[in-house]
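# Architecture and fold: a report
These are the residues of each chain, in order.
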Amino acid sequence: MIDKKKIEQGVRLILEGIGEDGNREGLKDTPYRVSNMCEEIFGGYDLDPSVPMSRTFSSETGDIVIEKGIQFYSVCEHHLLPFFGTVSIGYVPDGKVVGLSKLARTVEIFARRAQIQEQMTTEIAEAIQEYLSPKGVIVVAKAEHMCMSMRGVKKPGTETMTYKTTGCFESDGELRKLFFSMLRNMD
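Here is a short report on the structure shown in this document. (Residues numbered from 1 in each chain as written. Predicted model: local features only at pLDDT ≥ 70, side-chain atom pairs only at ≥ 80, totals over all residues. Heavy atoms only, no water.)

### Focus: the packing of helix α4 (residues 100-111) against helix α5 (residues 117-132)
For any two helices packed against each other, one specifies the crossing angle of their axes together with the interaxial distance. Applicable threshold: All axes are obtained by fitting lines to C-alpha atoms, using only the stretch in contact for helices, and the reported angles, taken between N-to-C directions, cover 0 to 180 degrees. In DSSP terms, a helix is any run of H or I states spanning at least four residues, a strand is any run of E spanning at least two, and both are numbered starting from the N terminus. Here the word oblique covers every angle except those under 35 degrees (roughly parallel), over 145 (roughly antiparallel) and from 65 to 115 (roughly perpendicular). Put simply, a crossing is left-handed when the front helix is turned counterclockwise from the back one by less than a right angle, and right-handed when it is turned clockwise. Note on contacts: a residue pair qualifies if any of its non-hydrogen atoms lie within 4.5 Å across the two residues.
Where α4 contacts α5, the axes come no closer than 9 Å and their chain directions differ by 140°. Considered as vectors, α4 and α5 are oriented oblique to each other. Here the hand of the crossing between α4 and α5 comes out right-handed. Contacts between α4 and α5 involve Leu103, Thr106, Val107, Phe110 and Ala111 on the former and, on the latter, Met120, Glu123, Ile124, Ala127 and Ile128.

See the structure below:
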């Protein structure tokens, strides 16, 4: 998916466009370095979210499973600037659970794409719902966006929170309250 040569050409044009000499010592290898970086930070396009969700274990629990504070780094599709923060996931199993590292891997797959936080939150929840088939899922993402912190309105430290629910979390307000209460108590 990643065309490193096109990225290198684009970086050369950006350097030229801002009035820099792309041949000076500090910049001559920058297009190559940026293309390598893009291969890493946009590597989620080449990953299938069904893979981490495919390793499940039988479980008779019907209680909420929560993983809190999964750190992520992503890139906003509007300005190609980073946004970063944490994702917390809750789900109610329906006969099977997934290894906790698999939830973090699922976050990583969607974070490593150019997108908006709202979409990332939804994609994570929908993938867990589709591939694990729990009774319900809730995903909460909190992030700081560099497009707000370092440009435009210039308000560093501002956090954006998004959440997405499916199944029983969507229909049961008391269950959502329980999830958020449990999150607060995990500190």
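### Looking at the packing of aromatic side chains
Here is the rule: Two rings belonging to Phe, Tyr or Trp (six-membered ring only in the last case) form a pair when the distance between their centres is within 6.5 Å. Interplanar angles under 30 degrees mark stacking, angles over 60 mark edge-to-face geometry, and anything in between is tilted. The buried label applies to any residue whose accessible area, calculated with a 1.4 Å probe on protein chains only, is under 20% of its type's maximum; exposed applies above 50%, and partly exposed to all values in between.
Scanning the entire structure with this criterion turns up five aromatic pairs. Aromatic side chains Phe72 and Phe83 sit 5.9 Å apart centroid to centroid with 75° between the ring planes, which places their arrangement in the edge-to-face category. A residue pair is termed long-range when its members are at least 10 positions apart, and Phe72 in strand β2 (residues 65-76) and Phe83 in strand β3 (residues 82-92) qualify at eleven residues. Each member of the pair, Phe72 as well as Phe83, carries the same accessibility label: buried. Seen from their ring centres, Phe179 and Phe180 are 5.3 Å apart, and the 75° between their planes marks the pair as edge-to-face. The class for Phe179 is buried, based on a relative accessible area of 0%. Classification of Phe180 by relative accessible area gives partly exposed; the value is 23%.

### Here's the deal with the nonpolar core
Our working definition: Residue types Ala, Val, Leu, Ile, Met, Phe, Trp, Tyr and Cys, when buried and joined through side-chain atoms within 4.5 Å, form a set referred to as a nonpolar core.
Membership of the largest hydrophobic core comes to 28 residues, with the highest contact counts inside it found for Phe72, Val87, Ile89, Tyr91, Met120, Ile124 and Ile128. Counting only elements with at least two residues in this core, the list comes to β2, β3, β4 (96-98), α4, α5, β6 (136-145) and α6 (146-149). Ranked by the residues each element gives to this core, the list is headed by α5, at six residues. Sequence-distant contacts of Tyr91, defined by excluding residues within four places in its chain, comprise Asp63, Ile64, Val65, Lys96, Val97, Val98, Leu103, Leu132, Pro134, Gly136, Val137 and Phe169. Counting residues in hydrophobic clusters, the runner-up holds ten residues, among them Ile66, Val140, Leu175 and Leu183.

Keep in mind these numbers describe shape, not what the thing actually does.
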